[in-house]
Amino acid sequence: MCKVKPAMSAAGAASSDKAVPLLRQLGVVSATALVVSNMIGTGIFTTTGFLAGDLGAASLVLVIWLVGAVCALAGALCYSELGVNFPSSGGEYVYLTRAFGPTWGFMTGWISFFAGFSAPIAAAALAFADYIGYFFPATRQENAIYRIGSGAYAIELGGAQLAACALIGVFTLLNFFGIQRVARLQNVLTAIKVLVLVSFILLGLAAGSGSWDHFAQPATRTSSHPLAAQFAISLFFIYVSYSGWNAATYVAEELKQPARTLPIALAVGTALVAVLYVGLNIVFIYAAPLESMKGEVAVGALAASRLFGPEVAGIFSALMALSLVSTVNAMVTIGPRVYYAMAKNGAFFAAAARVSRRWHTPVVAIACQGATAMLITATPFPDLLLYIGFTLNFSAVMSVISLVVFRRRANWQRLRVVSFAWPLVPALFIVVGVWMFIFGMTLKPMVSLAAILTVATGALVYHYRLRPRLTAG
């Protein structure tokens with residue numbers, strides 16, 4: 001991780017880089033592509049196997065994806081209004097700093113570094129390793145060579161981690177050389193991703209060897225928790241799957257006409273992904289009964305094999321792996337802009353404010369994120385997803401609460417869609433988030449503790465390392 005320097009150094013770094021700004025180069029298509037790519041990935045390709053065992057009924061699996069879609073859209077609408085009023089890079093860091101002060105802002109940026117981007121990048125890369133495991137079994141997570149510890153404290157090392165780290169390393173390097181090049185690559189990868197998923201849905205239902213009877217076949221639940229409680233816990237998996245709906249807010253400083261581009265990108269991207277998610281889950285269940293899905297990480301490969309046979313399944317497995325490549329690239333691109341925005345204000349590691357004079361990219365922030373993501377790949381996959389969901393839920397709920405605070409300002413620019421039946425939209429998001437938090441604390445104490453420690457550590461770092469230096473400066 002980057003070394004913390006005195007506040008004067010942070011300010012100096014920010015000052016020296018004023019001549020090297022981020023450029024407004026991204027339009028609606030590129031911004032929407034970032035949202036879609038950041039959302040479609042780890043969750044939809046991996047979590048239905050866990051949901052099958054947790055919930056035990058096809059109807060509940062589909063309902064939980066619909067509930068997630070509604071919550072994601074509510075969050076996207078709230079973030080649209082926040083982004084229109086604060087059209088600068090940084091996302092939640094900007095919102096919470098303005099609403100509640102620098103401590104909250106720093107904690108959110110700290111969360112973004114670990115749970116918002118580094119951990120999801122690791123999860124997407126691990127999912128990629130599982131999908132290429134169709135061709136190279138050594139890269140499947142279940143074939144880890146070394147396992148140290150157990151449960152939430154385990155560390156896994158093997159082919160999956162090597163493949164994941166290689167993928168992260170490649171896109172970390174590519175992102176050094178300018179966002180415009182990466183955005184063009186992202187547009188291509190996103191187009192391929194959407195085409196693959198739409199083709200999978202249409203071909204699976206039209207020509208696949210599935211059965212509608214699977215929707216009436218329950219699975220033996222692997223969870224001992226009551227359904228209502230387990231539904232709340234399982235929403236963390238769904239939250240991870242939909243979490244990219246806020247992606248465009250992190251590059252707001254690089255959007256053309258952000259007041260127009262941001263709401264369109266968030267709303268269109270979220271709605272498109274919600275339709276694809278529900279469609280994919282229908283195909284998954286059509287392809288195989290829930291009982292055979294339980295605990296399966298590469299559930300898309302399983303469904304493709306059941307629908308089309310092993311030969312065609314290999315093609316879809318490769319294309320789904322390519323789709324996960326797009327997800328990794330999107331998050332590697334977006335994350336460093338948060339750390340850049342914080343460091344530029346002297347509220348994060350000073351080096352994160354450094355922008356390459358040639359490529360106009362925050363190269364140190366990109367490198368630190370890549371290294372951290374590689375280390376996190378040693379975490380067991382299910383615990384990694386729960387940690388991401390729990391931690392991001394806290395950050396997003398606080399950001400939506402900040403919208404309620406900002407709306408009291410006389411000069412606040414309000415979006416009509418958020419004003420409709422006010423405060424229905426933010427209240428829906430906040431209530432579901434608090435419900436998830438309560439059950440998460442109760443039923444998953446170890447993962448919850450890790451998330452809480454992440455937040456608390458951010459507060460301690462700010463108060464004992466950065467705040468005194470800012471005051472002295």
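Residues numbered from 1 in each chain as written. Predicted model: local features only at pLDDT ≥ 70, side-chain atom pairs only at ≥ 80, totals over all residues. Heavy atoms only, no water.

**Thoughts on the overall build of the chain**
Secondary structure summary: the chain contains 19 helices and 2 strands in total. Across the 473 residues in the chain, those meeting the buried criterion constitute 62%. Counting only contacts in the chain whose residues sit at least 6 apart along the sequence, the fraction spanning at least 24 positions is 82%. Total accessible area on the chain stands at roughly 17400 Å², and carbon and sulfur atoms take up 68% of it. (Helix = DSSP H or I, 4+ residues; strand = E, 2+ residues; numbered from the N terminus. Buried < 20%, exposed > 50% of the residue type's maximum accessible area, 1.4 Å probe, protein only. Contact = heavy atoms within 4.5 Å. Areas by Shrake-Rupley, 256 points an atom, 1.4 Å probe, with all protein chains shown as cover.)

**Here's the deal with the packing of aromatic side chains**
Following the criterion strictly, the structure yields 29 aromatic pairs and no others. Residues Phe50 and Phe237 carry aromatic rings whose centres are separated by 5.5 Å and whose planes lie at 20° to one another, so their mutual orientation is stacked. Taken together, the positions of Phe50 in helix α4 (residues 48–55) and Phe237 in helix α10 (residues 227–242) put the pair 187 residues apart, joining distant regions of the chain. Judged by relative accessible area, Phe237 falls into the buried class, the value being 4%. A ring pair is formed by Phe86 and Tyr95, whose centres lie 6.2 Å apart and whose planes are at 35°; its orientation type is tilted. Judged on exposure class, the residue Phe86 and its partner Tyr95 are both buried. Above the face of the Trp422 ring, Arg407 is positioned so that its terminal group lies 4.2 Å from the ring centre. (Phe/Tyr/Trp six-rings, centres within 6.5 Å; stacked < 30°, edge-to-face > 60°. Lys NZ or Arg CZ within 6 Å of the ring centre and 35° of its normal.)

**What about the side chain of Asn393?**
As for its position among the elements, Asn393 is in helix α16 (residues 381–406). On the basis of relative accessibility, which here comes to 2%, the residue Asn393 falls in the buried class.

**Observations concerning the packing of helix α5 (residues 58–85) against α10**
Packing of α5 against α10 brings their axes to within 9 Å, and their N-to-C directions diverge by 55°. Overall, the two elements α5 and α10 adopt an arrangement that is oblique. The crossing of α5 and α10 is right-handed. Contacts from Leu60, Val63, Ile64, Trp65, Val67, Gly68, Ala69 and Ala72 in α5 reach Leu227, Phe231, Ser234, Leu235, Ile238, Ser241 and Tyr242 in α10. The class makeup of the residues in the contact of α5 with α10 is 12 nonpolar, 3 polar and no charged. (Axes fitted to C-alpha atoms, helices over the stretch in contact; angles between N-to-C directions. Parallel < 35°, antiparallel > 145°, perpendicular 65-115°, else oblique. Left-handed = near helix turned anticlockwise from the far one by under 90°. Nonpolar A, V, L, I, M, F, W, Y, C, P; charged D, E, K, R; others polar.)

**Points about the packing of helix α7 (residues 102–132) against helix α15 (residues 363–376)**
Remark: α7 packs on α15, axes separated minimally by 8 Å, with the N-to-C direction vectors making an angle of 65°. The crossing of α7 and α15 is right-handed. Facing Phe113, Phe114, Phe117, Ser118, Ala119, Ile121 and Ala122 of α7, the residues of α15 in contact are Cys368, Gln369, Thr372, Ala373 and Ile376. Classifying every residue of the contact of α7 with α15 by side-chain character gives 9 nonpolar, 3 polar and no charged.

**Digging into the confidence of the model for the chain**
Model confidence for the chain is summarised by a mean pLDDT of 81, while 85% of its residues fall at 70 or above. Overall, residues 1–19 carries pLDDT values under 50, and its contacts beyond four positions in sequence, including any with other chains, amount to 33 contacts. (pLDDT = per-residue confidence, 0-100.)

**A short note on a nonpolar patch on the surface**
Together, Ile145, Tyr146, Ile148, Ile155 and Leu157 make up an exposed nonpolar region whose accessible area comes to about 510 Å². When contributions to the nonpolar patch are tallied by element, the ones reaching two or more residues are β1 (146–148) and β2 (155–157). (Patch = residues over 30% accessible without salt bridge, like charges linked within 9 Å, V, L, I, M, F, W, Y side chains within 5 Å. Salt bridge = Lys/Arg side-chain N within 4 Å of Asp/Glu carboxyl O.)

**Thoughts on the nonpolar core**
Formed by 144 residues in total, the largest nonpolar core has its most connected members in Ile40, Trp65, Tyr131, Phe200, Tyr242, Met293 and Phe348. Of the residues forming this core, the biggest block, 20 residues, is contributed by α7. Aside from chain neighbours lying at most four places away, what touches Tyr242 is Met39, Trp65, Gly68, Ala69, Ala72, Ala274 and Tyr277. (Core = buried A, V, L, I, M, F, W, Y, C linked by side-chain atoms within 4.5 Å.)

**Structural notes on the side chain of Thr454**
Along the polypeptide, Thr454 turns up in helix α19 (residues 445–472). According to the relative accessible area criterion, Thr454 is buried, its value standing at 10%. Not counting residues within four places of it along the chain, the set of residues in contact with Thr454 comprises Trp110, Phe114 and Tyr387.

**Examining the environment of Val63**
Mapping Val63 onto the fold places it in helix α5. A residue is classified by how much of its surface remains accessible, and Val63, at 37% relative accessible area, is partly exposed.

**With respect to the pattern of salt bridges**
A full pass over the atoms with the stated rule returns 4 salt bridges. Where Glu81 meets Arg407, a salt bridge forms, and the shortest distance between an N and an O atom there is 2.8 Å. With Glu81 in helix α5 and Arg407 in the loop between α16 and α17 (416–419), the pair connects residues that are 326 residues apart, well separated along the chain. Residue Glu81 is classed as buried on the basis of its relative accessible area of 0%. One salt bridge connects Arg140 with Glu142, and the closest N-O pair in it is separated by 3.5 Å. Judged by relative accessible area, Glu142 falls into the exposed class, the value being 53%. The structure contains a network of salt bridges with shared partners spanning Arg140, Glu142 and Glu296.

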